[in-house]
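# Fold and geometry: a report
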Amino acid sequence: MRAQGIAVECRDVSVRRQGKDILERISFALEPGSLTLLFGPNGGGKSTLLKVLVGLEKAESGELLIDKKPLELARNLVGYVPQRVIAQPHIPLSVSHAVLMGLTALRGPFQRWNNEDHRRVSIALDEVELGGRELDDIRSLSGGELQRVYIARALVREPRLLLLDEATSGIDVGVKSSILSLVERLKERMTILFVTHDMSVVSEAVDEVLCLQRTLVAHGRPSEALSAESMAVMYGSEAQPFMHCHLPHRHVHSGGCG
Amino acid sequence: MMFLNELFSDPYVLRALAVAAVAALLCAVVGVYVVVRGISFAGDGLSHASLAGAGFARLMGIPPLWGAVGYACFLSALISRLGGGGKLREDARLAVLFTGSMAVGFVLLSKQPGGALTGALFGSLLPLGVNDVVAISAAAVLLLVSVKALQKELLLVAVDEEFAAVTGVSPSRYLLVMDLAIAFTVVIASKAVGVLLVSSLLVVPPSIALVAVRDIEQAFSVSAGIGVAVSLIGVVLSVLLDTPPGATIALVSAVVFIIFMAAHRFRGRRH
């Protein structure tokens, strides 16, 4: 039986930094197997909320449950793709080794990589269409390829919740489209939270949108959450969503919505 | 040929070669983490600071090596705990700690008879006894086995601290392990090349290896090969030319580094 996504519940989570509210009483629930966009302007608290979800930042108050458990007990169920991945110019790292690193915590100290680990790396690389590139140095990859390596590093852990932070920022349209198609495929076996400030990633595969500007401005189906009112709260009264077939559509094409 | 036969039958030279090779091997392996983390100058500073430990040890009548190891470990742990933040940048705090400790070492060792200060600064390979060789080798083997056993975790933390933390591999724990390994290494290697020159063994072989290989895991063995080779050549040259062994090893390292980087750049232009 294939693995399924898991539920996430975030109750009244608040974060303060140097006396300033960064997140204020954020509450939402993610359904198992759903694809949710965490959407909002720069500085609106998206990355902070994601850091709380992966345990990099402590919430001042509130509760977070992943698969009905606190994060400490559910860490191995979570896959994380960080924002703005770059290869460090002074560190030679092969594609396969970069992906293997995702398994470090699962193997534990004093244990060496085994055949099963290498098999999982091959599967993860095939999934992101980088099969056969195991020996390449990640410093020689394009931005889109590198992003896919980091997605493979998250997938190799066989997560049931995948968190992606601005996974399509700074890459060209073709690569962006292939990453979004991959995310849509992954939805079959995991819950996905995709952080973005780019409305063009909204598609019919997206189940829900969380609009964040320090507080949760809106939460619901894309056509409901991305309303003129919520956009005005997030970006000011001038902002309007570009609606296409009742959705802010990512594909620009000349024909109808068909 | 006759000369080389004589050279390699001299027990002093053999002991010097053994300790130089062990120190170089240790530096070459641990140095990969130093270079990857971009803390080459911290390693250099730590070796200078260990002078204070050697000074205190002599004052209390315990072996200077253990005093230096203890002090370097204490300093590493202190630096890890200080962390970032505050109004003073970390490099300024490190500079104050390292130069302050070095000054204490200078003052204490300058009052000691028998060229203790010169030996600590420039290394003292040739007068080493069998017990020194055994103690240094045993400590080095223990350290190498520990670092190898934790290689996966240490590499992950050195390459991507944030991802390590997200997946449950504690960066603070493994950074402390790494810092303690660096502290032990610089003190052991200081015995061979002296505190002033130890960073040549800690930085040069790993730097060459990291440029030469396609994956960081290969860098450990390449770096070890280069480190052991330059230190052995350095000791032999120092005996032949009657020059200080530590300085000769550092000089050979520098020459190898310059030749390698020039060849690498030339190759890069051709391709």
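Read on for a plain summary of the structure. (Residues numbered from 1 in each chain as written. Chains lettered and ligands numbered in written order. Predicted model: local features only at pLDDT ≥ 70, side-chain atom pairs only at ≥ 80, totals over all residues.)

Our next topic: helix H11 (residues 198–212) of chain B. Between its first and last C-alpha, H11(B) extends 22 Å over 15 residues, near the 21 Å set by a 1.5 Å rise per residue. Along H11(B), 13 of the 15 residues are buried, which leaves the element largely enclosed by surrounding structure. (Helix = DSSP H or I, 4+ residues; strand = E, 2+ residues; numbered from the N terminus. Expected span 1.5 Å × (residues − 1). Buried ≥ 20, exposed ≤ 12 C-beta atoms within 10 Å, placed from the backbone.)

All names here are of chain A. Pairing is mixed across the open sheet formed by six strands, whose spatial order is S5-S6-S7-S3-S8-S9. This sheet does not close on itself; its edge strands, each paired only once, are strand S5 (78–81) and strand S9 (215–220). Averaged over all adjacent pairs, the angle separating strand axes in this sheet is 15°, with direction ignored. Sheet analysis places strand S3 (residues 35–39) next to strand S8 (residues 208–213), joined by four bridges and oriented parallel. Each residue of the ladder has a partner; that of Thr 36, found in S8, is Glu 208. Strands in contact with helix H6 (residues 143–155) are S5 and strand S6 (161–165); relative to S5, the strand with the most contacts, it is inclined by about 170°. (Pairing = 2+ DSSP bridges. Axes fitted to C-alpha atoms, helices over the stretch in contact; angles between N-to-C directions. Contact = placed C-beta atoms within 7 Å.)

Residue and element names in this part refer to chain B. Helix H10 (residues 171–193) packs onto helix H3 (residues 40–60) with a crossing angle of 60° between their chain directions and a minimal axis gap of 9 Å. With respect to each other, H3 and H10 are oriented oblique. For the pair H3 and H10, the crossing hand works out as right-handed. Across the interface between the two elements, Gly 43, Leu 46, Ser 47 and Ser 50 from H3 touch Ile 182, Ala 183, Val 186, Val 187 and Ser 190 from H10. By residue class, the composition of the contact of H3 with H10 is five nonpolar, four polar and no charged. (Parallel < 35°, antiparallel > 145°, perpendicular 65-115°, else oblique. Left-handed = near helix turned anticlockwise from the far one by under 90°. Nonpolar A, V, L, I, M, F, W, Y, C, P; charged D, E, K, R; others polar.)

Interface size is often expressed as the accessible area that is lost when the parts come together. Contact with chain B, which involves 21 residues of that partner, is made by 20 residues of chain A. The set of elements that each furnish at least two residues to the side of chain B that touches chain A consists of helix H8 (151–159), helix H9 (161–167) and helix H12 (216–241) of chain B. It is H9(B) that provides the largest number of residues to the side of chain B that touches chain A, a total of five residues. Its residues placed into classes, the side of chain B that touches chain A shows 13 nonpolar, two polar and six charged.

Moving on: H10(B). Residues and elements named next belong to chain B. Its 23 residues give H10 an end-to-end C-alpha distance of 31 Å, which sits within 8% of 33 Å, the value for a rise of 1.5 Å per residue. Taking burial as the measure, the 23 residues of H10 include 18 buried ones, the bulk of the element. Just downstream of H10 lies Gly 194, where phi reads positive at about 85°.

Residue and element names in this part refer to chain A. On the basis of which strands lie adjacent, the open sheet formed by three strands has the order S2-S1-S4 and antiparallel pairing. Looking at the sheet topology across the chains shown, the edges are occupied by strand S2 (20–30) and strand S4 (61–66). Mean inter-strand twist for the sheet, computed between neighbouring axes without regard to direction, equals 20°. Where strand S1 (residues 8–17) and S4 come together, five bridges link them in antiparallel fashion. Directly across from Val 8, in S4, lies its bridge partner Ile 66. Helix H1 (residues 46–54) contacts S1, S2 and S4 of the sheet and is inclined by roughly 60° relative to S2.

What is shown is where atoms sit, not what they do.
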